[in-house]
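Observations on the model geometry
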Amino acid sequence: MTYEEARAKMSAIGQEHVFKYYDELSDTQKAALIHQVEETDFAVLSRIGSGASDNRGVFSPLAAMQRSEIEAREQELHDAGVKAIKEGKTAALLLAGGMGTRLGSDNPKGMFDIGLTKPVYIFERIISNLLDVVKETDTWIRLFIMTSEKNHDATVKFLKEKNFFGYKEDRIVFFKQDMAPACDYSGKLYMESKDRISTSPNGNAGWYSSMCRAGLDKILTNEGIEWIDIFAVDNVLQRICDPCFVGATILADVSVGAKVVRKAAPDEKVGVMCLEDGRPSIVEYYELSEEMMNAKDANGDPAYNYGVILNYLFRVRELSAVADDKMPLHVVKKKIPYIDENGALVKPTEPNGYKFEQLVLDMIHQLSTCLPYEVVREKEFAPIKNPTGIDSVESARELLKKNGVEL
Ligand code: UTP
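Residues numbered from 1 in each chain as written. Predicted model: local features only at pLDDT ≥ 70, side-chain atom pairs only at ≥ 80, totals over all residues. Heavy atoms only, no water.

Since the α-helix packs 3.6 residues into each turn, any two residues three or four apart lie on the same face. When we look at burial in helix α13 (residues 393-402), the residues that qualify are V393, A396, R397, L399 and L400. Around the axis of α13, the buried residues are gathered within 165° of arc, so they sit on the same side. Taking the backbone nitrogen of E394 as reference, a side-chain oxygen 3.2 Å away marks S392 as the first, capping residue of α13. Phi for G404, located one or two positions after α13, is positive at around 80°. (Buried < 20%, exposed > 50% of the residue type's maximum accessible area, 1.4 Å probe, protein only. Helix = DSSP H or I, 4+ residues; strand = E, 2+ residues; numbered from the N terminus. Arc of directions from axis to C-beta. Polar contact = N/O pair within 3.5 Å; in protein donor to acceptor, adjacent residues only side chain to side chain.)

Following this line, the structure appears as structure tokens:
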């Protein structure tokens, strides 16, 4: 693309200001900006104002496998899971492409130290949880780590320095997810430097398409991986590829297993597993009608009672049918660093604009069947989103201590 073509592309969508500093740039910087204009999909900007949850279908309850059943069938589920893991049919995929803006650290979230008397990094906790299964099954589970161009180098460098916290290096594969542009509330693109439009990772649903673009689906095929456990970087208590969950999902013969926790209260602010037009889906807390909140299942328990924790076991062979363009785009208010009128970098402390994301939970709705699998909240759900308060470093520390983890 030439400069004239790039200018025309941006002026057609009212975003010519991205060339404000063009004349000051070196030839390399000019080329980089033109290249970014050429490769970026700006169509997302037209989605501002159209909520992702528009046009929802008809919701109905989806029963979860509850603790009572899991405990009664523990040996059977465990054995099926161990068998699949030992046969190399199960991989893990860490979603670490997010910016963790609420936590407010400049480093990748996994590098955050939650220790009190010694360093305890988020990555360390996650890898230690996976290592429990490696040891139990005597199998080095393939571990994929998704980063973004914003945090890739720092993530890889840190994990190398820490010797991958004891994980076998040749069983880990990194890949970067794709990026989307970011703008202010009026839809005007932010610039993160004079030669670069602000971008942010395009949401955690980008994992499968980004993985395929990196050619890593070949690893899945070559190694005969049939199931892949996708999990968030910030839940320091979650079990990953744990045999009972793997076994339950395989024996249920579903497209995806989803770890869920029982809601603490009917109006708790979590997304809840359900069916939407007969397909598995997640209804957000603000979409739950009074009637749905009070609905009861055959046992008299609340019918919409299980919140998702972003830990899913996908059946690999069904992923190729999941299409990015069928997934809603979520327009999310976030803190976006930008350069001001004078070209100085500003790091906002409050959300100042929109990012565009596709979310894993929308992948679930494209699959035909799902097993919600109940885990005990106090044992498996300690997400770190904020420095203090709800879902924070403080609350996660308390839960870790209760589970006997030394900090
Ligand atoms: P969050 O929804 O908490 O987003 O991500 P975030 O960007 O990390 O944090 P905030 O909202 O800016 O504070 C949930 C999980 O999805 C991953 C995150 O790394 C985390 O594991 N994620 C999120 C990605 O991998 N890519 C993305 O584009 C977004």
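This next bit is on the site of the ligand. In the vicinity of the ligand, 20 residues are found, and the nearest of them are L95, T101, Q177, K334 and K385. Contact between the ligand and L95: an oxygen atom at 2.6 Å from a main-chain N or O atom of the residue. In the environment of the ligand, an oxygen atom lies 2.6 Å from a nitrogen or oxygen atom belonging to the side chain of K334. Across the complex, the protein chains shield 93% of the 570 Å² of accessible surface that the ligand would expose by itself. Residues that form the shell around the ligand fall into these classes: 8 nonpolar, 8 polar and 4 charged. (Near = heavy atom within 4 Å. Areas by Shrake-Rupley, 256 points an atom, 1.4 Å probe, with all protein chains shown as cover. Nonpolar A, V, L, I, M, F, W, Y, C, P; charged D, E, K, R; others polar.)

Put simply, helix α4 (residues 74-86) and helix α9 (residues 243-252) touch, their axes get as near as 6 Å, and they point 90° apart. Judged on the interaxial angle alone, α9 and α4 are roughly perpendicular. Contacts between α4 and α9 involve E74, E76, L77, H78, A80, G81, V82, A84 and I85 on the former and, on the latter, P243, C244, V246, G247, A248, I250 and L251. By residue class, the composition of the contact of α4 with α9 is 11 nonpolar, 3 polar and 2 charged. (Axes fitted to C-alpha atoms, helices over the stretch in contact; angles between N-to-C directions. Parallel < 35°, antiparallel > 145°, perpendicular 65-115°, else oblique. Contact = heavy atoms within 4.5 Å.)

Turning next to the pairing of strand β2 (residues 90-95). Two faces make up the sheet, and in a regular strand the side chains alternate between them. Burial of β2 is extensive: 6 of the 6 residues sit out of reach of the surface. The alternating pattern of β2 places T90, A92 and L94 and A91, L93 and L95 on opposite faces, both of which are buried. As judged from the 6 bridges shared by β2 and strand β10 (residues 227-232), these two strands associate in the parallel manner. Each bridged residue has a counterpart across the sheet, and for L93 the counterpart in β10 is I230. Strand direction decides the pairing type here: β2 and strand β3 (residues 142-147), joined by 5 bridges, are parallel. Counted as the bridge partner of L95 is M146 from β3. Read as a crossover between parallel neighbours, the route from β2 over helix α5 (residues 122-137) to β3 is right-handed. (Pairing = 2+ DSSP bridges. Right-handed = clockwise from strand over helix to strand, strands pointing away.)

All right, on to the nonpolar core then. Counting residues in each nonpolar core, the largest one holds 57 residues, and the members touching the most others are I114, F123, L143 and Y167. By residue number, the principal contributor to this core is α5, which donates 8 residues. Setting aside residues up to four positions removed in sequence, L143 forms contacts with A92, L94, L130, Y167, R171, I172, V173 and F231. Ranked by size, the runner-up nonpolar core spans 38 residues in total, among them W207, M211, L361 and M363. (Core = buried A, V, L, I, M, F, W, Y, C linked by side-chain atoms within 4.5 Å.)

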